[in-house]
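Below, each chain spelled out in residue letters.
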Amino acid sequence: MEFRTPVDIPHPLFQLEPQERMLCVGSCFADRMGSLLHDDAFLTTVNPYGVMYNPASILHTVRRVLQEQPQLCPDTVLLTMGTNHVYRLKENGEIVDNCQKRPAALFREEALGIGECVHCLRQTAALLTERNPRVNILLTVSPIRYAKYGYHGSQLSKATLLLAAECVAGGNISYFPAYEIVQDELRDYRFYAEDMLHPSPQAVTYIYERFAETYFSDATHAFLREWRPLRAALAHRPLHPESEEYRQFLDKTMLKIAVLSEKYPNFALPNK
């Protein structure tokens, strides 16, 4: 008897290779996914100008990254939308990405429509494709709930983002159903953090596992079978770090890492 309804994820048109260059932009869920990709030794840039929740702010970030970091040429870009709500400066109507703790009276909040979200996503994709014609773009909607809108309002916001993603998906733009995995597959409050709004670490790990089984190539899985035990060894905190036994343990671990680096020339130890 099956007690859950697994979300079907279509077979992708591309796969992630070991140490692929990636850019992750969007909500705090993008931060969490980006951190896991970084730990798995992908060459990942994550929200370089801070968390961005809506499609307009995601567009602003991507434009700024491409202008200020011309050396960045990502192979895969993960864009995670959290909400369609934006804040505009009353004085000029400009959408701001960060209110910078300025008085709320300076801004007005509004919700972007489906067409506006589609326009921002298409502009973002055009900029990325202009930089790298072979880039693959993954869209996802954050499973984080927005209580301040009311739960009905939160669902309306997510629905707008889902419809916008559906409109632009195709070609080099794919959709990964992180939101649906939490809503329809996990579907239990035990998979939320204490605030009942954010997915728990266990839920994020599960989503990442579904992501990996969908998008990681055979070569990436082979690499991770070697790298993850070494990563765990490096993270080990001994009771007696000055002991000869621990020194030998580290020497053996670093020797294995050197061998791994010879097999994968782009490999570099992830910085924390």
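Since the model is a prediction, treat every value here as computed from it, not as a measurement.

This paragraph deals with the environment of Ile58. Turning to its location among the elements, Ile58 is positioned in helix H2 (residues 55-68). Given the relative accessible area of 0%, Ile58 is considered buried. Considered as a pair, Ile58 and Phe267 are 209 residues apart in the sequence and their alpha carbons are 29 Å apart. Apart from the residues lying within four places of it in its own chain, the contact partners of Ile58 are Val25, Gly26, Met52, Leu79, Thr80 and Met81.

What follows is about the confidence of the model for the chain. Averaged over all residues, the pLDDT of the chain is 93; the fraction at 70 or higher stands at 99%. The spread of mean pLDDT over the elements of the chain runs between strand S5 (residues 95-96), the lowest at 89, and helix H3 (residues 114-131), the highest at 98.

As a general feature of sheets, a regular strand has side chains that alternate between the two faces. Summarising burial for strand S4 (residues 85-89): four of the five residues are buried, a large majority. Both S4 and S5 contribute to a ladder of two bridges, which runs antiparallel. Each bridged residue has a counterpart across the sheet, and for Tyr87 the counterpart in S5 is Val96. The antiparallel hairpin formed by S4 and S5 contains five residues in its connecting segment, where Gly93 sits at a positive phi of about 80°.

We now examine the packing of aromatic side chains. On inspection of all chains with the given rule, the structure shows 14 aromatic pairs. Arranged with centres 6.1 Å apart and planes meeting at 65°, the rings of Phe176 and Tyr215 form a pair that is edge-to-face. Linking Phe176 in the loop between strand S8 (173-175) and helix H5 (178-186) with Tyr215 in helix H6 (residues 201-215), this pair joins segments that are 39 residues apart in sequence. Both residues of the pair, Phe176 and Tyr215, belong to the buried class. An angle of 90° between the planes, with centres 6.2 Å apart, marks the rings of Phe211 and Phe216 as edge-to-face.

What follows is about unusual backbone geometry. Its identity as a non-glycine residue notwithstanding, Gln19 has a phi of 60°, on the positive side. Note that Gln19 resides in the segment before strand S1 (21-26). Even without being a glycine, Met196 presents a positive backbone phi close to 60°. Following the sequence through the fold, Met196 ends up in the loop between H5 and H6. Note on Met196: relative accessible area 30%, which makes it partly exposed.

As a further point, take the packing of H3 against helix H4 (residues 151-168). Relative to each other, H3 and H4 sit at 50°, their axes nearing to 9 Å. Judged by the angle between their axes, H3 and H4 are oblique. Handedness of the H3/H4 crossing: right-handed. Between H3, through Ile114, Cys117, Val118, Leu121 and Arg122, and H4, the contact on the second element is made entirely by Thr160, Leu161, Leu163, Ala164, Ala165, Cys167 and Val168. Grouping the constituent residues of the contact of H3 with H4 by class yields 10 nonpolar, one polar and one charged.

Pairing within the open sheet is antiparallel, and its three strands lie in the order S5-S4-S6. On the outer flanks of this sheet lie S5 and strand S6 (107-111), each paired with one strand and no other.

Among the six residues of strand S3 (residues 76-81), six are classified as buried, and the element is accordingly described as predominantly covered. A two-sided burial pattern is seen for S3, the buried positions comprising Thr76, Leu78 and Thr80 on one face and Val77, Leu79 and Met81 on the other. Pairing analysis gives five bridges linking S1 to S3, with the strands arranged parallel. Bridge pairing links Gly26 to Thr80 in S3. Both S3 and strand S7 (residues 136-141) contribute to a ladder of six bridges, which runs parallel. Of the residues in S7, the one forming a bridge with Leu78 is Leu138.

Before going further, it helps to spend a moment on the environment of Phe14. Relative to the elements of secondary structure, Phe14 occurs in the segment before S1. Under the relative-accessibility criterion, Phe14 is labelled buried at 9%. For the pair Phe14 and Ala169, spaced 155 residues apart in sequence, the C-alpha to C-alpha distance is 14 Å.

Reading the values: rules and limits
- Residue positions are given per chain, counting from 1 as you read along its sequence in written order.
- Reporting in this predicted model follows two pLDDT cut-offs: at least 70 for local features of residues, and 80 or more for side-chain atom pairs to be given and counted; totals over whole chains, interfaces and linings ignore these cut-offs and use all residues.
- Excluding hydrogens and water, the side-chain figures rest on all heavy atoms present in the structure.
- A run of DSSP states H or I qualifies as a helix once it reaches four residues; a run of E qualifies as a strand once it reaches two. Both are numbered from the N-terminal end.
- Burial classes: relative accessible area under 20% of the type maximum marks a residue as buried, over 50% as exposed, and values in between as partly exposed (1.4 Å probe, protein chains only).
- Between two residues, a contact is recorded if the distance between any of their heavy atoms is within 4.5 Å.
- Residue-level confidence of the predictor is summarised by pLDDT, bounded by 0 at the bottom and 100 at the top.
- One bridge is not enough; two strands pair if DSSP finds at least two bridges between them.
- Here a Phe, Tyr or Trp ring, Trp counted by its six-membered ring, pairs with any other such ring whose centre lies within 6.5 Å, and the pair is stacked when the planes are under 30 degrees apart, edge-to-face when over 60, and tilted otherwise.
- A fitted line through C-alpha atoms represents every axis, and for helices the fit uses only the stretch in contact; the resulting angles, taken between N-to-C directions, go from 0 to 180 degrees.
- With respect to orientation, any angle under 35 degrees is reported as roughly parallel, any angle over 145 as roughly antiparallel, any angle of 65 to 115 as roughly perpendicular, and every other angle as oblique.
- Here a crossing is called left-handed whenever its near helix is offset anticlockwise from the far helix by less than a right angle, and right-handed whenever the offset is clockwise.
- Charged residues are taken to be Asp, Glu, Lys and Arg, nonpolar residues to be Ala, Val, Leu, Ile, Met, Phe, Trp, Tyr, Cys and Pro, and polar residues to be all remaining types, Gly included.

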